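Structural overview
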Amino acid sequence: LAAPARGSLLPKSLHKAAQSAPYASLYSSVRTVAPTPHATPFLLGQRRGQTCVGRAMCSEAVERDAMEYDVVVVGGGPAGLSAAIRVMQRAAEEGSEVSVCVVEKGGEVGSHILSGNVFEPHALDELFPDWREMGAPLQTKASEDRFVFMTGTASSFTIPHFLLPKVLDNAHSGNYIISLGELCKWLAEQAEGLGVEIYPGFAASEVLYEDGAVVGIATKDVGIAKDGSKKDVFESGIELRAKQTIFAEGCRGSCSEEVMDKFGLREGKAAQTYGIGIKEVWEIDPSKFQSGLIQHSVGWPLDHNTYGGSFLYHMEENKVLLGMVVGLDYKNPFINPYQEFQRWKTHPEVAKYLEGGSCVSYGARALNEGGFQSIPKLSFP
């Protein structure tokens, strides 16, 4: 989601301050914005004038420092980082100077990325044609595809490969099994090398508007009491203003949802649907490890009325990335996706790899499942 806005270029740097303290009081080189009184505490995604009680923004008049860039990117995932990199590449090709800033809510780039990933490198080939020589973390080539239909607690059958769609032919398509978090860290290094300023630990909390157009974002205030007043440790957020604001927050991003609602970007589009993805990373017995094996499955333990499926990928260093996705439109109100995932791990087609291993990390996140017809309009004032 990209927003062209007005404003003059005044590139500044938050780098040293970002390493030493969370918010605005340490930024001596930025200009100060006049106090903005809030009649009531301001919540993420709330429009001005709405009444609510919360702790995202202080209810008292607050002076906030502001910095100006050509482009501000909200979200340090693969989309946001790739966009920032491409802006800098185009600027270099045209011999122009631009200032680009990426804000990421995670404590470090990649810390909020959760994906057991089979990676098709076509887009990376376009972004960095020599990524292999540059040391991109793509190491485990897909070697074998399996698609298993689980019919019960211990029964299943494997669908022959020639019956599978081409999109599931990863072994012959030059695809890789990767950690998307590690790829994001690598992309962040490349972006910084091109001059992009990246600030992890800064969550975009408010979208800034002027004359009905987006002009940037603000990070949230910290040190706010329950009644919305300032504590002794209060620090105001920072305004990051830009000629172009790109929202790359991922599924259900609070700022993106606000912008889509304000500008009617979903009008004429199919309703978005969602799923929840639950993932674990296991370190398994080396004798059971099959480098590059990709196994997808459907069926048990989910019933025929529940949309979902599961995956199991073997990645180098004896790691197995496994998980289950369950559509959130399930009809059974008592279903527990986490418990279904645990049941799935007991099936012989899964348990045979996990026996003797140990879980080293786990997580879950929401996923967009609506498809192409649910993509909103991607530009706005």
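Definitions and cut-offs
Residues numbered from 1 in each chain as written. Predicted model: local features only at pLDDT ≥ 70, side-chain atom pairs only at ≥ 80, totals over all residues. Heavy atoms only, no water. Pairing = 2+ DSSP bridges. Helix = DSSP H or I, 4+ residues; strand = E, 2+ residues; numbered from the N terminus. Contact = heavy atoms within 4.5 Å. Axes fitted to C-alpha atoms, helices over the stretch in contact; angles between N-to-C directions. Parallel < 35°, antiparallel > 145°, perpendicular 65-115°, else oblique. Left-handed = near helix turned anticlockwise from the far one by under 90°. Patch = residues over 30% accessible without salt bridge, like charges linked within 9 Å, V, L, I, M, F, W, Y side chains within 5 Å. Areas by Shrake-Rupley, 256 points an atom, 1.4 Å probe, with all protein chains shown as cover. Salt bridge = Lys/Arg side-chain N within 4 Å of Asp/Glu carboxyl O. Buried < 20%, exposed > 50% of the residue type's maximum accessible area, 1.4 Å probe, protein only. 1 Å grid on protein atoms, 1.4 Å probe; cavity = no way out; pocket = protein on both sides within 12 Å on 5 of 7 lines; lining within 4 Å. Points joined across faces, edges and corners; volume = space filled by probe spheres on them. Nonpolar A, V, L, I, M, F, W, Y, C, P; charged D, E, K, R; others polar. pLDDT = per-residue confidence, 0-100. Phe/Tyr/Trp six-rings, centres within 6.5 Å; stacked < 30°, edge-to-face > 60°. Polar contact = N/O pair within 3.5 Å; in protein donor to acceptor, adjacent residues only side chain to side chain.

A word on the sheet that holds strand S5 (residues 116-119)
Reading across from one edge, S5-S9-S6 is the order of the three strands in this open sheet, with antiparallel pairing throughout. In this open sheet, the two strands that pair with only one neighbour each are S5 and strand S6 (140-141). As judged from the two bridges shared by S6 and strand S9 (residues 176-179), these two strands associate in the antiparallel manner. By the bridge assignment for S9, Thr140 is matched with Ile177. Contacting S5 and S9, helix H5 (residues 180-193) runs over the sheet at an angle of about 75° to S9.

Comments concerning the sheet that holds strand S8 (residues 156-158)
The strand order across the open sheet formed by seven strands is S8-S7-S17-S18-S19-S16-S20, and the pairing between neighbours is mixed. Across the chains shown, the open sheet's two edge strands, defined by having one partner strand only, are S8 and strand S20 (358-368). Recorded for the sheet is a direction-independent mean angle of 20° between the axes of neighbouring strands. Bridge count for strand S18 (residues 308-315) against strand S19 (residues 319-327) is eight bridges, and the pairing is antiparallel. Along S19, the bridge assignment pairs Phe311 with Gly323. Against the sheet, helix H7 (residues 337-344) engages strand S7 (144-150), strand S16 (274-283), strand S17 (293-299), S18 and S19, with an angle of about 135° to S19.

What about the environment of Glu267?
On the secondary structure map, Glu267 appears in the loop between helix H6 (254-262) and S16. As a C-alpha pair, Glu267 and Pro376 span 109 residues in sequence and 7.8 Å in three-dimensional space.

Some words on the packing of helix H2 (residues 78-94) against H5
Taken N-terminus to C-terminus, the directions of H2 and H5 make an angle of 20°; their axes are 10 Å apart at the nearest point. Classified by the interaxial angle, the pair formed by H2 and H5 is roughly parallel. Once H2 is placed against H5, the crossing between them reads as left-handed. Along its contact with H2, which presents Pro78, Leu81, Ser82 and Ile85, the element H5 presents Leu180, Cys184, Leu187, Ala188, Gln190 and Ala191.

Here we look at a nonpolar patch on the surface
The grouping of Phe372, Ile375 and Leu378 at the surface amounts to a nonpolar patch, some 350 Å² of accessible area in total. Among the structural elements, Leu378 can be located in the segment after S20. Overall, Leu378 belongs to the partly exposed group, its relative accessible area being 48%.

Focus: the layout of surface pockets
Taken as a whole, the second largest pocket spans an internal volume of roughly 500 Å³. Lining the second largest pocket are 26 residues, and of these Gly110, Ser111, Ile113, Leu114 and Lys279 lie nearest its centre. Listed by contribution, the elements that provide at least two residues to the lining of the second largest pocket are S9, H5, S16, S19 and S20. No other element matches the six residues that S20 contributes to the lining of the second largest pocket. In terms of residue class, the lining of the second largest pocket is built from 12 nonpolar, seven polar and seven charged.

Description of the confidence of the model for the protein chain
Chain-level statistics for the protein chain give a pLDDT mean of 85 and a share of 84% at 70 or above. Low pLDDT (under 50) marks residues 1-32, which in the prediction has 97 contacts with non-local residues, meaning those over four places away or in another chain. Ignoring residues within four places in sequence, the model shows residues 34-55, a span with pLDDT below 50, making 49 contacts including any to other chains.

Digging into the pattern of salt bridges
Following the criterion strictly, the structure yields 17 salt bridges and no others. In this structure, Glu340 and Arg343 form a salt bridge, with 3.1 Å as the shortest nitrogen-oxygen distance. Here the residue Glu340 and the residue Arg343 both occupy positions in helix H7, the gap between them amounting to three residues, near one helical turn. Its relative accessible area of 11% is what places Glu340 among the buried residues. Judged by relative accessible area, Arg343 falls into the partly exposed class, the value being 37%. When salt bridges that share partners are traced, they join Arg64, Glu206, Glu210, Glu239 and Arg241 into one network.

Comments concerning the environment of Ser361
Turning to its location among the elements, Ser361 is positioned in strand S20. Measuring from C-alpha to C-alpha, the distance between Ser361 and Glu280 comes to 5.7 Å, with 81 residues separating the pair along the chain. Non-local contacts of Ser361, meaning those with residues more than four positions away in its chain, are made with Lys279, Glu280 and Val281.

Digging into the packing of aromatic side chains
In this structure the tally under the stated criterion is nine aromatic pairs. Centre to centre, the rings of Phe149 and Phe157 are 5.4 Å apart; their planes meet at 10°, and the pair counts as stacked. Given a relative accessible area of 44%, Phe157 falls into the partly exposed group. Taking 5.8 Å as the distance between ring centres and 20° as the angle between the ring planes, the aromatic pair formed by Phe341 and Trp344 counts as stacked.

Quick look at the side chain of Asn170
Tracing the backbone through its elements, the reader meets Asn170 in the loop between S8 and S9. Only 2.9 Å separates the side chain of Asn170 from the side chain of Asp145, close enough to count as a polar contact. Ignoring sequence-local partners within four residues, the contact set of Asn170 consists of Val118, Ala142, Asp145, Asn175 and Ile294.

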